[in-house]
Amino acid sequence: MAKTTIYVLNGPNLNLLGTREPEKYGRATLADVEKLCAETAKRFGLDIVFRQSNREGELIDWIQEAHTKDAGAIVINPAGYTTTSIAIMDALLAVKLPAIEVHITNIHTRESFRHNSYISKVAKAVIAGFGVDGYALAITGLAGLLGARQKD
Ligand code: CA2
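Treat the numbers as computed from the prediction; the structure is a model and nothing was measured.

Quick notes on the rules
- Residues numbered from 1 in each chain as written.
- Predicted model: local features only at pLDDT ≥ 70, side-chain atom pairs only at ≥ 80, totals over all residues.
- Heavy atoms only, no water.
- Axes fitted to C-alpha atoms, helices over the stretch in contact; angles between N-to-C directions.
- Helix = DSSP H or I, 4+ residues; strand = E, 2+ residues; numbered from the N terminus.
- Parallel < 35°, antiparallel > 145°, perpendicular 65-115°, else oblique.
- Left-handed = near helix turned anticlockwise from the far one by under 90°.
- Contact = heavy atoms within 4.5 Å.
- Nonpolar A, V, L, I, M, F, W, Y, C, P; charged D, E, K, R; others polar.
- Pairing = 2+ DSSP bridges.
- Near = heavy atom within 4 Å.
- Polar contact = N/O pair within 3.5 Å; in protein donor to acceptor, adjacent residues only side chain to side chain.
- Areas by Shrake-Rupley, 256 points an atom, 1.4 Å probe, with all protein chains shown as cover.
- Buried < 20%, exposed > 50% of the residue type's maximum accessible area, 1.4 Å probe, protein only.

To continue, consider the packing of helix α2 (residues 30-43) against helix α5 (residues 133-146). Closest axis-to-axis distance for the α2/α5 pair is 9 Å, and the angle between their directions is 25°. Between α2 and α5, the angle is such that the two are roughly parallel. Viewed along their axes, α2 and α5 form a crossing whose handedness is right-handed. Between α2 and α5, the residues in contact are Val33, Leu36, Cys37, Thr40, Ala41 and Arg43 and Asp133, Tyr135, Ala136, Ile139 and Thr140, respectively. Split by residue class, the contact of α2 with α5 holds seven nonpolar, two polar and two charged.

Here we take up the sheet that holds strand β2 (residues 47-52). A sheet is described by the order of its strands in space; here five strands give the open sequence β2-β1-β3-β4-β5, paired in parallel fashion. Of all the strands in the sheet, just β2 and β5 (125-128) have a single pairing partner and so form its edges. Neighbour to neighbour, the strand axes of the sheet diverge by 15° on average, direction disregarded. Where α5 meets the sheet, it contacts β1 (5-10), β2, β3 (73-77), β4 (99-103) and β5, and its direction lies at approximately 160° from that of β3.

Another aspect to go through is the site of the ligand. Close to the ligand lie 16 residues, the nearest being Asn77, His103, Ile104, Thr105 and Arg114. Here Asn13 contributes a backbone N or O atom positioned 3.4 Å from an oxygen atom of the ligand. At 2.9 Å, a side-chain N or O of Asn77 approaches an oxygen atom of the ligand. Out of a free accessible area of 510 Å², the ligand has 92% covered by protein chains. Grouping the constituent residues of the shell around the ligand by class yields eight nonpolar, five polar and three charged.

Along the chain, Thr4 falls in the segment before β1. Exposure remark for Thr4: the relative accessible area of 23% places this residue in the partly exposed category. Through-space distance from the C-alpha of Thr4 to that of Leu146 is 8.0 Å; in sequence the pair is 142 residues apart. If near-sequence neighbours (up to four positions away) are discounted, Thr4 is found in contact with Gly45, Leu46 and Asp47.

For the rest of this paragraph, the subject is unusual backbone geometry. Phi is positive for Ala79, which is not a glycine, with a value near 50°. Structurally, Ala79 can be placed in the loop between β3 and α4 (86-95). Within the chain, Lys96 stands out as a residue other than glycine whose phi angle is a positive 55°. In this fold, Lys96 is placed in the loop between α4 and β4. With relative accessibility at 72%, the residue Lys96 sits in the exposed group.

Here it is, written out as structure tokens:
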């Protein structure tokens, strides 16, 4: 198995996880999510690079970095950029890495302006509505795709 690193990228305001609107986004902090992702990846002998930014360009730089550092895949919660960012969609298209789009909430049962995702148009898969467990589900799915075997 050549490619063992998964980039987990988080968009704007997700640094506030666990500190605001817990009724919507839950009580787990972003540090808790990082731990969950690292533990899930480790079960399959995978590593993660975990990042959050409030800036679109920085997220794009990290998508390109995932490619140059030969990562195997990307998990991305684009947050508020989901419905606006052709630039993030283009970056994902350009790097040709499998990308899983994750949303903590089910964006389709929320306001209609959250429904149209540019990222879904290029994502390998989309997970929405499982809370932060969606990140672990994304990594587990990617482990299968990358041919990573569960360690006992
Ligand atoms: O459900 C998700 O994961 C979202 O990507 C979260 C975004 C929202 O714009 C998307 O429609 C769905 C918002 C992220 C804001 O994060 C916060 C976390 C805690 C408290 C306040 C904001």
